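For reference, the chains in residue letters:
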Amino acid sequence: MKKLLLFILPFIVLTAGVWFGYNYYFGGKDYYTRVGTPTEIKSGKFDTGEKYTEYNYTQTAFDKKGEKSVQTMREIRDQPLRINAYLKLKVNPRKGVLSWEEVSESTIPEKALKQLTN
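Analysis parameters
- Residues numbered from 1 in each chain as written.
- Predicted model: local features only at pLDDT ≥ 70, side-chain atom pairs only at ≥ 80, totals over all residues.
- Heavy atoms only, no water.
- Helix = DSSP H or I, 4+ residues; strand = E, 2+ residues; numbered from the N terminus.
- Buried < 20%, exposed > 50% of the residue type's maximum accessible area, 1.4 Å probe, protein only.
- Polar contact = N/O pair within 3.5 Å; in protein donor to acceptor, adjacent residues only side chain to side chain.
- Salt bridge = Lys/Arg side-chain N within 4 Å of Asp/Glu carboxyl O.

- Looking at an unreviewed UniProt entry, one finds the protein chain named YxeA family protein and attributed to Candidatus Enterococcus lemimoniae.

Right, dumping it as structure tokens:
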């Protein structure tokens with residue numbers, strides 16, 4: 001029994017450490033927002049000479065409880081995001097917006113949607 005415990009205990013500790021580390025750096029809370037106009041538009045060139053356009057957005061976002069948060073997003077793409085599209089943001093408290101995806105109005109929690117439509 002002691003040998004089994006000596007084998008399983010380090011595995012559990014290591015797994016818990018990896019899980020907490022992953023959530024610390026790559027985890028986050030979901031927020032919902034409606035896309036507005038970009039707050040800043042920049043053009044530039046990569047080191048390879050290829051041109052790019054950077055769109056910066058400062059958005060008011062709401063979590064599933066309806067609590068407000070202001071988020072800043074930076075996107076390098078050919079065209080700006082679609083105005084009035086609903087986005088689900090994955091926000092890490094240390095890194096800001098990690099990712100986003102466009103969602104339909106029906107998938108947004110009721111309290112967040114109520115705040116977004118006001």
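And the narrative resumes.
**Here we look at the environment of Gln59**
Stage number 1. Along the chain, Gln59 turns up in strand 3 (residues 51-62).
Stage number 2. Judged by relative accessible area, which is 7%, Gln59 ranks as buried.
Stage number 3. For the pair formed by Gln59 and Met73, sequence separation is 14 residues and the distance between their alpha carbons is 7.8 Å.
Stage number 4. Engagement of the side chain of Gln59 in a polar contact is seen with the backbone nitrogen of Gly36, the distance being 3.5 Å.

**What to know about the pattern of salt bridges**
Stage number 1. Throughout the structure, instances matching the rule amount to six salt bridges.
Stage number 2. In this structure, Lys88 engages Asp30 in a salt bridge whose closest nitrogen and oxygen atoms are separated by 3.7 Å. Here Lys88, found in strand 5 (residues 86-92), pairs with Asp30, found in strand 1 (residues 29-34); they are 58 residues apart in sequence, far enough to count as distant.
Stage number 3. Taking relative accessible area as the criterion, Asp30 reaches 27% and is therefore assigned partly exposed.
Stage number 4. Of the charged contacts in the structure, one is a salt bridge between Lys90 and Asp30, with a shortest N-O distance of 3.7 Å. Of this pair, Lys90 sits in strand 5 while Asp30 sits in strand 1; the two residues are 60 residues apart in sequence, bridging distant segments of the chain.

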